[in-house]
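Chain residues, written in single-letter form:
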Amino acid sequence: MLQLEFDERVAADDRVEPRDWMPDAYRSTLIRQIAQHAHSEIIGMQPEGNWITRAPSLKRKAILIAKVQDEAGHGLYLYSAAETLGVDRDELVELLLAGRQKYSSIFNYPTLTWADIGAIGWLVDGAAITNQVPLCRCSYGPYARAMVRICKEESFHQRQGFEILYTLGHGTPGQKAMAQDAVDRWWWPSLMMFGPPDAASTHTGQSTAWKIKRFGNDELRQRFVDMTVPQADALGLALPDDGIAWNAERGHYDFTEPDYAELTAVIEGNGPCNAERIAVRRAAHEDGAWVREAAAAYAAKRAGREAA
Ligand code: FAQ
């Protein structure tokens, strides 16, 4: 009976809310995906945070600080969305730090030059938007609602990245070369963000049936390529794939698939920056212990006062 009501709700495109009955596997799939997404936002602050002190002007620095702060905010909305499913944020953070929950592969690549900040905004946020706009229609209400605001902010991030690359691409030959080098390095990892091909994906079938994911990984990857190729032309930068060509029959751009063996290696902890990212996150967590203790002491004192 409860299962039937759940199935009907999903079939009718109604939202599932925290107090509704849901299958255990639906709940655990959501916790897994939302937690991974939240961790990605928090770890994702590191590659860009790396350039805050070296941004080329006060204006660029202010914009970058705001962007990194936005990512922190996204992490917090997402941990809150996960908490509506009966887990604690503390528990999820412990799982991340113990290496038992994942975060996006993309944040295990280094940011070597200022142009990388442009490439992250343009390509990484561009891929994130392509993947996340459909999540605004996810069947689970709190996740879908969190995604609406996140997507608005990600659109702004994507434009600031495009603008950085446009400026560099129309600058000196050295600046243009730096922009091209960043695009060359971030293109393939950005394609990998969408996950393995559907044929090798563990969760896509069930997650799309539950309308958690609205589309498979391959379709979203294709949409990203279709959106990005004309933008690269507008930037005057090349995408590092000779296989990109308009396919009139399919109505899409053909492209070369990324190296999924590299994706697997990065997911398993063997990317260029995995160890550093987790070490930095662990140190930040330990340094922040006094804030958590002070907040808990304040909350206990306040609760005591209210009870008196
Ligand atoms: N990295 O069966 P599937 C951002 C794992 S955007 C690491 O296809 P699923 C914004 C997957 O978890 C980035 N792991 O899995 C920003 C599963 O392992 P499991 C975050 C990956 O869940 C921009 C296994 O492989 N966005 O942060 C990856 O159906 C700039 C099999 O894969 C989201 O998280 C990967 N790339 O589809 C911040 C979006 N791909 O759990 C700062 C929400 C796959 O069984 C700066 N998430 N895996 O052990 C999703 O849409 C989905 O979870 C996918 C994966 C599409 C990522």
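Structure: see above.
Chains are numbered independently. Their residues run from 1 in the order of the written sequence. Only residues with pLDDT of at least 70 are given local features in this predicted model, and only at 80 or more are side-chain atom pairs given and counted; all residues enter the totals for whole chains, interfaces and linings. The basis for every side-chain value is the complete set of heavy atoms in the structure, and neither hydrogens nor water enter the calculation.

Bringing the side chain of H37 into the picture now. Counting through the fold element by element, H37 comes out in helix 2 (residues 24-43). A simple rule labels every residue: compare its accessible area, found with a 1.4 Å probe on the protein chains alone, to the largest value its type can have, and call it buried under 20%, exposed over 50%, or partly exposed in between. Here H37 falls in the buried class, since its relative accessible area comes to 9%. Not counting residues within four places of it along the chain, the set of residues in contact with H37 comprises L78, Q132, L135, Y143 and M147. Runs of E in the DSSP output that reach at least two residues are strands. Runs of H or I that reach at least four are helices, and both are numbered from the N terminus. By definition in these notes, contact holds between two residues if any of their heavy atoms fall within 4.5 Å.

The next thing to look at is the nonpolar core. Within the largest apolar cluster, 46 residues are counted, with the highest numbers of intra-cluster contacts made by W114, W122, W186, W187 and L239. Only helix 4 (58-83), helix 6 (115-132), helix 7 (141-169), helix 8 (173-192), helix 10 (217-235) and helix 11 (260-270) provide two or more residues apiece to this core. At eight residues, the largest contribution of residues to this core is made by helix 6. Residue contacts for L239: discarding those within four places in its chain leaves W122, V183, W187, T228, V229, A232 and I244. Take the buried residues of types Ala, Val, Leu, Ile, Met, Phe, Trp, Tyr and Cys, join any two whose side-chain atoms come within 4.5 Å, and each joined set is a nonpolar core. Counting residues in hydrophobic clusters, the runner-up holds 31 residues, among them Y26, Y79, M147 and I212.

Let's shift gears to the environment of K176. Relative to the helices and strands, K176 is located in helix 8. Given the relative accessible area of 36%, K176 is considered partly exposed. Residues K176 and A115, spaced 61 residues apart in sequence, show a C-alpha to C-alpha distance of 9.2 Å. Not counting residues within four places of it along the chain, the set of residues in contact with K176 comprises L168, G169, G236 and L237.

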